Amino acid sequence: MSTTPEPEPPAPRPALAFDDPLDQQSSDDTDRGWGERPEGDSAADLKRFLDEKPPHHL
């Protein structure tokens, strides 16, 4: 007796949202959205500075 497993039903499609996107707060509307990082240690800040500095800076 061999039974073939039934295929799984397809996943439901996401519903379309017709909301006004301008009514929602974006990440740019917050202090966090402007690239501010949480407080960290100075060693990590120095490493990031050295990794990201432009080549013309010494």
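(A) Inspection of the overall build of the protein chain at higher detail. Helix and strand counts for the protein chain come out as one helix and zero strands. Per-residue burial over the protein chain gives 0% buried out of 58 residues. Accessible area for the protein chain stands at about 6,400 Å²; split by element, carbon and sulfur atoms hold 56% of it.

(B) Local environment of the pattern of salt bridges. One pass over the full model with this rule turns up two salt bridges. The salt bridge involving K47 is made with D51; its shortest N-O contact spans 2.8 Å. Taken together, the positions of K47 and D51, both in helix α1 (residues 42–52) and four residues apart, correspond to about one turn of that helix. Each member of the pair, K47 as well as D51, carries the same accessibility label: exposed. In this structure, R48 and E52 form a salt bridge, with 3.3 Å as the shortest nitrogen-oxygen distance.

About the cut-offs
Residues numbered from 1 in each chain as written. Predicted model: local features only at pLDDT ≥ 70, side-chain atom pairs only at ≥ 80, totals over all residues. Heavy atoms only, no water. Helix = DSSP H or I, 4+ residues; strand = E, 2+ residues; numbered from the N terminus. Buried < 20%, exposed > 50% of the residue type's maximum accessible area, 1.4 Å probe, protein only. Areas by Shrake-Rupley, 256 points an atom, 1.4 Å probe, with all protein chains shown as cover. Salt bridge = Lys/Arg side-chain N within 4 Å of Asp/Glu carboxyl O.

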